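Results of the structural survey
Residue-level listing of the chains:
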Amino acid sequence: MSRAPKPDPIESEVAEKPAATEPFGLLYGRSEAMTQLCNQLAKVAQTFASVLIIGESGTGKELVAKTIHDRSQRAKQPFIPVNCGAIPANLIEAELFGHEKGSFTGAVSQHVGYFEHASGGTIFLDEITEMAPEMQVKLLRVLETGCFHRVGGIEQISVDVRVIAATNRDPRTAVEEGAFREDLLYRLAVFPVRAPPLRERQGDIELLAQHFLDHFNAAEKANKVFSKRSIETLKAYAWPGNVRELKNTVHRAFILADKVVEVPNPSIASRVKKPLLRDGTLNVWIGTPLADAQREIILATLNHFEGDKRKTATTLGVSLKTLYNRLDAYQNNLPLNDPL
Ligand SMILES: Nc1ncnc2c1ncn2[C@@H]1O[C@H](COP(=O)(O)OP(=O)(O)OP(=O)(O)O)[C@@H](O)[C@H]1O
Ligand SMILES: [Mg+2]
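Residues numbered from 1 in each chain as written. Chains lettered and ligands numbered in written order. Predicted model: local features only at pLDDT ≥ 70, side-chain atom pairs only at ≥ 80, totals over all residues. Heavy atoms only, no water.

1. Digging into the layout of surface pockets
- Taken as a whole, the second largest pocket holds about 530 Å³ of empty space.
- Lining the second largest pocket are 23 residues, with Gly-58, Thr-59, Gly-60, Lys-61 and Leu-63 positioned closest to its centre.
- Sorting the residues of the lining of the second largest pocket by element identifies helix H3 (61-70), strand S6 (162-167), helix H9 (205-220) and helix H11 (242-256) as the ones contributing at least two each. (1 Å grid on protein atoms, 1.4 Å probe; cavity = no way out; pocket = protein on both sides within 12 Å on 5 of 7 lines; lining within 4 Å. Points joined across faces, edges and corners; volume = space filled by probe spheres on them. Helix = DSSP H or I, 4+ residues; strand = E, 2+ residues; numbered from the N terminus.)

Here it is as structure tokens:
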């Protein structure tokens, strides 16, 4: 007696791949909010106007800045990103404008600053509201005159540099709190643009997730696919960490998957305080439930070995089968029955 062929359980659970769409510059997304943003960028890219990009962390501000540069007539000239918040206050002037030999202790040779490096191109001043107020005054003067001199130097240097700045704070509030000079805000925000948070463009979630999956597939020469449930989970979440959080979530699920990528519910995963992973170490908070600590150690080790489950299991001293069971439980939010 012949039996009817069983439907392939995997096939029926696999999500249909969304139609590929062209990015605008480096930016993926077709939602109303992204379309509006891209229309603005297309116009301002052609000009010399300063642009201030305002948006929450992870919304793609740096990609917006690079896209403006790439779509401008300066595209072949340098694009120099500078994280103003990461440079100590006593060094930032020399970093931006350079210094002459012997101008201060440690200035053993002449140093060319970011503005000179960006000559003919674009400088991207990220986290601009973190810059010390006295430096903001100097920056404003340079933007107004187009001239500066290196620290310890007298030669006036003039450069042709387009300025794009970004902040993840509300600039008006930063002005009210005294962190951001109002005159600099007006000078920079000739053309303000807002990078919308991901929760305001839910229509982009699937497309972005697929873009990142394609990227990881290409990088690892893999051919993994999303399950239908993953797409539903991704769409239902609010993404407080925006596109960066989405990208990291897809990456983690990609590493764990053999063929079908299952994304665990991020709202459950984020209830655990995230330990910091630096230089191969993992900080686990005192009082973390053992099950959560085990989970973090397992996932961090798997990440460390770039998804190699055999090496991970051997290193952690568990059988490959136990590791598979654990990963399966984590992916599907199942209770943990087997103690390690
Ligand atoms: N529209 C997009 N298309 C493709 N990738 C994106 C998009 N937006 C953001 N990304 C990716 O998300 C990550 C975060 O983007 P980016 O670093 O530009 O954010 P940010 O707003 O500068 O964040 P922060 O304020 O924390 O510096 C990057 O890996 C970037 O490539
Ligand atoms: Mg950034």
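Right, picking up where we left off after that structure.
2. Some details on the pattern of salt bridges
- Evaluation of the coordinates by the stated rule reveals 16 salt bridges.
- A salt bridge links Asp-70 to Lys-66, with the shortest nitrogen-to-oxygen separation between them at 2.9 Å. Of this pair, Asp-70 and Lys-66 are both found in helix H3, four residues apart, which corresponds to roughly one turn of the helix.
- Where Asp-160 meets Arg-74, a salt bridge forms, and the shortest distance between an N and an O atom there is 2.7 Å. Note that Asp-160 is positioned in the loop between strand S5 (157-158) and S6 and Arg-74 in the loop between H3 and strand S2 (79-83), a separation of 86 residues in sequence.
- The partly exposed category is assigned to Asp-160, whose relative accessible area is 40%.
- In the salt-bridge network here, residues are joined through shared partners; they are Glu-100, Glu-116 and Arg-150. (Salt bridge = Lys/Arg side-chain N within 4 Å of Asp/Glu carboxyl O. Buried < 20%, exposed > 50% of the residue type's maximum accessible area, 1.4 Å probe, protein only.)

3. Some remarks on helix H4 (residues 89-97)
- Of the positions making up H4, those classed as buried are Ile-92, Ala-94, Leu-96 and Phe-97.
- Packing partners of the buried residues in H4 comprise S2, helix H5 (114-117), strand S3 (122-126), helix H6 (133-145) and strand S4 (147-148).
- With its phi angle positive at about 85°, Gly-98 sits one or two positions after the end of H4. (Contact = heavy atoms within 4.5 Å.)

4. Focus on empty space enclosed by the protein
- What the rule picks out here adds up to one cavity of 30 Å³ or more.
- Approximately 30 Å³ is the volume found for the largest cavity.
- Lining the largest cavity are Arg-252, Ile-255, Leu-256, Leu-299, Leu-302 and Asn-303.
- Every element with two or more residues in the lining of the largest cavity is listed here: H11 and helix H13 (290-304).
- Both of domain 2 (202-270) and domain 3 (276-332) provide at least three residues apiece to the lining of the largest cavity. (Domains from an automatic or database assignment.)

5. Some thoughts on the sheet that holds S6
- Across the sheet, which stays open at both edges, the five strands sit in the order S2-S3-S6-S1-S7 with parallel pairing between neighbours. Looking at strand neighbours, the two that pair on one side only are S2 and strand S7 (191-194), the edges of this open sheet. Taken pair by pair, the neighbouring strands of this sheet meet at an average axis angle of 20°, ignoring direction.
- As paired elements, S2 and S3 share five bridges and run parallel to each other. Residue pairing for S3: Pro-81 is matched across the bridge by Phe-124.
- Packing against the sheet, helix H2 (residues 32-45) makes contact with strand S1 (51-54), S6 and S7, and its axis sits at approximately 155° to S7. (Pairing = 2+ DSSP bridges. Axes fitted to C-alpha atoms, helices over the stretch in contact; angles between N-to-C directions.)

6. Re the environment of Leu-96
- As for its position among the elements, Leu-96 is in helix H4.
- Sequence separation between Leu-96 and Leu-125 is 29 residues, and the spatial gap between their C-alpha atoms is 9.9 Å.
- Those residues in contact with Leu-96 that sit more than four places away from it in its chain are Val-82, Gly-113, Tyr-114, Phe-115, Leu-125, Met-131 and Met-135.

7. Notes on the site of ligand 1
- Inspection of the region around ligand 1 gives 18 residues, with Tyr-28, Ser-57, Gly-58, Lys-61 and Arg-244 positioned closest.
- At 3.1 Å, a backbone N or O of Gly-60 approaches an oxygen atom of ligand 1.
- Arg-244 places a polar side-chain atom, nitrogen or oxygen, 2.9 Å from an oxygen atom of ligand 1.
- Taken together, the elements giving at least two residues each to the shell around ligand 1 come down to H3, H9 and H11.
- In terms of residue class, the shell around ligand 1 is made up of eight nonpolar, five polar and five charged. (Near = heavy atom within 4 Å. Polar contact = N/O pair within 3.5 Å; in protein donor to acceptor, adjacent residues only side chain to side chain. Nonpolar A, V, L, I, M, F, W, Y, C, P; charged D, E, K, R; others polar.)

8. Looking at the confidence of the model for the protein
- Here the protein averages 88 in pLDDT, and 89% of its residues register 70 or above.
- By mean pLDDT, strand S10 (residues 277-278) is the weakest element of the protein at 52, and H3 is the strongest at 98. (pLDDT = per-residue confidence, 0-100.)

9. Let's talk about the packing of aromatic side chains
- By the definition in use, this model includes six aromatic pairs.
- An angle of 20° between the planes, with centres 6.2 Å apart, marks the rings of Phe-79 and Phe-124 as stacked. With Phe-79 in strand S2 and Phe-124 in strand S3, this pair connects stretches of sequence that are 45 residues apart. Of the two residues, Phe-79 and Phe-124, neither departs from the other in class, the shared state being buried.
- Pairing Tyr-237 with Trp-239 gives two aromatic rings, centres 4.6 Å apart and planes at 85°, and the pair type is edge-to-face. (Phe/Tyr/Trp six-rings, centres within 6.5 Å; stacked < 30°, edge-to-face > 60°.)

10. Description of the packing of H13 against helix H14 (residues 309-316)
- Their axes nearest at 9 Å, the elements H13 and H14 cross at an angle of 130°. On the basis of their axis angle, the class for H13 and H14 is oblique. When you trace H13 past H14, the crossing you get is right-handed. Of the residues in H14, those in contact with Ile-297, Ile-298, Thr-301 and Leu-302 of H13 are Lys-309, Thr-312 and Leu-316.
- Tallied by class, residues from the contact of H13 with H14 come to four nonpolar, two polar and one charged. (Parallel < 35°, antiparallel > 145°, perpendicular 65-115°, else oblique. Left-handed = near helix turned anticlockwise from the far one by under 90°.)

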